[in-house]
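Next come the chains, spelled out residue by residue.
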Amino acid sequence: MTGLARNPQLDANGGLRHLLTLEGLPAAVITRILDTAVPFAAIGEREVKKVPLLRGKAVFNLFFENSTRTRTTFEIAAKRLSADVINLNIGASSTSKGETVLDTIDNLTAMDADIFVVRHSESGAPHLIAAHLNATGRSHVHVVNAGDGRHQHPTQGLLDLFTIRHYKKDFRDLSVAIVGDVLHSRVARSLVSGLATLGTPDIRVVAPRTLVPTRVEATGVRVFNEMHKGVAGCDVVVMLRLQNERMKGALLPSTGEYFKEYGLTPEKLVLAKPDAIVMHPGPMNRGVEIDSAVADGERSVILPQVTFGIAVRMAVMSIIAGNPGPRE
Amino acid sequence: MTPGLPDAEGTLAALAERMRGGVAPDAAFVGIYSGGAWVADRLATMLGAGHRVGYLDVSFYRDDYERAGLKPNARRSALDFDVAGATIVLVDDVLYTGRSVRAAINELFDYGRPAAIELAVLIDRGGRELPVEATYVGARLSVARDLDIVLSRAADGTLALAAEPRVAR
């Protein structure tokens, strides 16, 4: 059972029970989610954008940290699966973390929750909840990590992978540059894990020294401190949001200076391949990490990312909820 | 070909013959993935009357999701015509319990309200668990419960039938 404790997102048969991280998630599981999202994307083009898979199931959106977009796309995804959705914005005010979170979970499980979608400012909170449910004989209740601290944002990573595959077909000959605040980015961490697992040969991190995690090269990525070298010849440019609070911590001189060095402008995008796509997890800071001419330009796939995000979250929830595990 | 099973191509020809004259000229054929899609393609060609062809993957409408989970390799349904007001011939390879047909009818209605739905199947093996009957049948068979009738398609498009031990789902 130690293996189960280490990786509580997989059941004994290797099926997906919870989605907590893309790190260590087998390529077959990632590929199955991406493949399943393809027909779900087609549902979004129909007049009736609903299928009956999760009828009678309750999805609890448990947001200990605010996020309008992620919560909304999870809500739309759950509703398109015909689930009942309950949104709980618990906010950052809850005092003690560990016990309070698990008490909340116990109470909501008593209200017959089937899936918890968890956003938390503490890395590992969704993992803690999943391990608690598994350990207390409630492995039929599922957890989806909607972003935890600086750790992971697996559904964002999956929708990024889905978007890249949609436009570029095969990961095995791609150069992908991830530009910006990699140090604080759970989006970057999830995407790097997924890209590596799917065999992407050239993963680049482009950022000022102060925003590059130490020993990041050990994960197989190449680090560039200069933007023009980092995006040269790449197929995909993923821009990260520069969080304003980073400016206060003396990690960067000013937003103007940052835009000059690392903001994606048409002039810098020219250095990438002619058919390179531009991605951004949102919300964007126009004029800080990305120029409006690029964000709204023909190479931008930022809005398709949002649409694909719904299909990917439908795929994740329908795969995990269809894997009930042993009921004790 | 498994002994005792009819030849798929001969059965297909018999099915096409039964549909000729019976099917509305403007009817659209909708094949249920994967075997039904192959049969729908072939029937449209054999009848030669310009019937539109669409495809349904009923994975999101199956009634065994709760105990069996989501089937891997779900494909996108493709109906490139207006279902509302259309006459539709659902096409499947093997009619057994009727559950796939139930799922397909439910899915069709999420595209629109058809004028009419008919059902054409290559093989009717009996064993219905729902009140579903086919309008056009290629051949009727009696098969042991622990066997699946599986349709396959060769590279040249030729269809073949085989009996295989039932895989629990």
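In every chain, residue numbers begin from 1 and rise along the written sequence. By the order in which they are written, chains take letters starting at A while ligands take numbers starting at 1. Selection of residues for local features in this predicted model requires a pLDDT of at least 70, selection of side-chain atom pairs for listing and counting requires 80 or more, and totals for whole chains, interfaces and linings are taken over all residues.

### Overview of the overall build of chain A
Okay, so step 1: When helices and strands are counted, chain A shows 13 helices and 9 strands.
Okay, so step 2: Taking all 328 residues of chain A together, the buried fraction comes to 49%.
Okay, so step 3: By definition, residues are in contact whenever their C-beta atoms, placed on the basis of the backbone, come within 7 Å of each other. Considering only intrachain contacts with a sequence separation of at least 6, the fraction spanning at least 24 residues in chain A is 81%. Strands are runs of DSSP state E lasting at least two residues, helices are runs of H or I lasting at least four, and both sets are numbered from the N terminus onward. The exposure scheme places C-beta atoms from the backbone and then counts, for each residue, the other C-beta atoms within 10 Å of its own, assigning buried at 20 or more, exposed at 12 or fewer, and partly exposed in between.

### Observations concerning the pairing of strand β1 (residues 28-32) of chain B
Residues and elements named next belong to chain B.
Okay, so step 1: Among the 5 residues that make up β1, 5 are buried, leaving the element largely enclosed by the rest of the structure.
Okay, so step 2: Both faces of β1 are covered, namely the face carrying A28, V30 and I32 and the face carrying F29 and G31.
Okay, so step 3: Two strands are said to pair when DSSP picks up at least two bridges between them. As paired elements, β1 and strand β3 (residues 87-95) share 4 bridges and run parallel to each other. Following the sheet pairing, V30 is matched in β3 by L90.
Okay, so step 4: Of the pairings in the sheet, the one linking β1 to strand β2 (residues 53-56) comprises 4 bridges and is parallel in character. Looking across to β2, one finds that F29 is bridged to V53.
Okay, so step 5: When the strands point away from the viewer and the path from the first strand over the helix to the second turns clockwise, the crossover is right-handed. In the classification by handedness, the crossover that spans β1, the intervening helix α2 (residues 35-47) and the parallel β2 is right-handed.

### Some thoughts on the sheet that holds β1(B)
Residue and element names in this part refer to chain B.
Okay, so step 1: In spatial order, the strands read β2-β1-β3-β4-β5; together these 5 strands make up an open sheet with parallel pairing. Looking at strand neighbours, the two that pair on one side only are β2 and β5 (136-140), the edges of this open sheet. Averaged over all pairs of adjacent strands, the angle between their axes in this sheet comes to 25°, without regard to strand direction.
Okay, so step 2: Pairing analysis gives 4 bridges linking strand β4 (residues 116-124) to β5, with the strands arranged parallel. In this analysis, axes come from line fits to C-alpha atoms, helices being fitted only over the stretch in contact, and the angle between any two N-to-C directions falls in the range 0 to 180 degrees.

### Describing the interface of chain B and chain A
Okay, so step 1: Counting residues at the interface gives 15 residues for chain B and 16 residues for chain A.
Okay, so step 2: Gly is placed with the polar residues, together with every amino acid not listed as nonpolar (Ala, Val, Leu, Ile, Met, Phe, Trp, Tyr, Cys and Pro) or charged (Asp, Glu, Lys and Arg). Residue composition of the side of chain B that touches chain A, by class: 7 nonpolar, 4 polar and 4 charged.

### Notes on the sheet that holds strand β6 (residues 202-206) of chain A
Residue and element names in this part refer to chain A.
Okay, so step 1: Ordered by their spatial adjacency, 5 strands build an open sheet running β7-β6-β5-β8-β9, and the pairing between neighbours is parallel. Unpaired on one side and paired on the other, β7 (222-224) and β9 (277-279) mark the two borders of the sheet. Neighbour-to-neighbour, the strand axes of the sheet open up by a mean angle of 20°, direction not taken into account.
Okay, so step 2: Sheet topology note: the strand β8 (residues 236-239)/β9 ladder contains 3 bridges and is parallel. Paired with V238 across the two strands is M279, which belongs to β9.

### A short note on the domain arrangement of chain A
Residue and element names in this part refer to chain A.
Okay, so step 1: Throughout, the edges of the domains are those of an automatic or database domain assignment. Along its sequence, chain A is carved into domain 1 (2-152 + 308-321) and domain 2 (154-306).
Okay, so step 2: The C-alpha-based centres of domain 1 and domain 2 are spaced at 26 Å.
Okay, so step 3: For the side of domain 1 that touches domain 2, the secondary structure elements donating two or more residues are α2 (27-43), β4 (142-148) and α13 (302-321).
Okay, so step 4: The class makeup of the residues in the side of domain 1 that touches domain 2 is 14 nonpolar, 7 polar and 5 charged.

### Thoughts on unusual backbone geometry
Okay, so step 1: Of note, the bond from A:G282 into A:P283 is cis; its omega dihedral lies within 30 degrees of zero at -10°.
Okay, so step 2: Of note, A:P283 is situated in the loop between β9 and α12 (292-295).
Okay, so step 3: With omega at -5°, the peptide bond leading from B:Y33 into B:S34 counts as cis.
Okay, so step 4: Take B:S34: it is sitting in the loop between β1 and α2.
Okay, so step 5: Despite not being glycine, A:D112 shows a phi value in the positive range, around 65°.
Okay, so step 6: You can see A:D112 is positioned in the loop between α4 (98-109) and β3 (115-120).
Okay, so step 7: Here B:N73, not a glycine, exhibits a phi torsion of approximately 60°, which is positive.
Okay, so step 8: By the secondary structure assignment, B:N73 is in the loop between α3 (65-68) and β3.

### Description of the nonpolar core
All names here are of chain A.
Okay, so step 1: We define a nonpolar core as a collection of buried residues of the types Ala, Val, Leu, Ile, Met, Phe, Trp, Tyr and Cys that are connected via C-beta atoms lying within 7 Å of each other. Counting 150 residues, the largest nonpolar core has I178, V179, V237, V238 and M317 as its most contacted members.
Okay, so step 2: When we break this core down by domain, the ones giving at least three residues each are domain 1 (2-152 + 308-321) and domain 2 (154-306).
Okay, so step 3: Excluding its chain neighbours within four sequence positions, the residues that come into contact with I178 are A188, L191, R204, V205, V206, V238 and L240.

### Things to note about helix α3 (residues 68-80) of chain A
Count 3.6 residues to each turn of an α-helix, and residues three or four apart come out pointing the same way.
All names here are of chain A.
Okay, so step 1: Across its 13 residues, α3 extends 18 Å between first and last C-alpha, which sits within 8% of the 18 Å expected from 1.5 Å per residue.
Okay, so step 2: Considered for burial, the residues of α3 that qualify are T70, R71, T73, F74, A77, A78 and R80.
Okay, so step 3: S82, located one to two residues past α3, shows a positive phi value of around 70°. A helix is expected to span 1.5 Å multiplied by its residue count minus one.

### Here's the deal with the packing of helix α6 (residues 154-168) of chain A against helix α7 (residues 186-197) of chain A
Angle between the axes and distance between the axes are the two parameters that describe a pair of packed helices.
All names here are of chain A.
Okay, so step 1: Where α6 contacts α7, the axes come no closer than 8 Å and their chain directions differ by 55°. It follows from the interaxial angle that α6 and α7 lie oblique. When the axes of α6 and α7 are compared, the crossing they make is right-handed. Here P154, Q156, G157, L158, D160 and L161 of α6 lie close against α7, whose contacting residues are V187, S190, L191, S193 and G194.
Okay, so step 2: Counted by class, the contact of α6 with α7 contains 5 nonpolar, 5 polar and 1 charged residues. Each angle gets one of four labels, with under 35 degrees taken as roughly parallel, over 145 as roughly antiparallel, 65 to 115 as roughly perpendicular, and the rest as oblique. In this scheme, a crossing is called left-handed if the near helix is turned counterclockwise away from the far one by less than a right angle; it is called right-handed if the turn is clockwise.

### Some words on the environment of B:G54
Residues and elements named next belong to chain B.
Okay, so step 1: Mapped onto the fold, G54 is located in strand β2.
Okay, so step 2: Accessibility expressed as a C-beta count within 10 Å gives 22 for G54, which makes it buried.
Okay, so step 3: Other than its neighbours up to four places away in sequence, G54 contacts A28, V30, A78, L79, D80 and F81.

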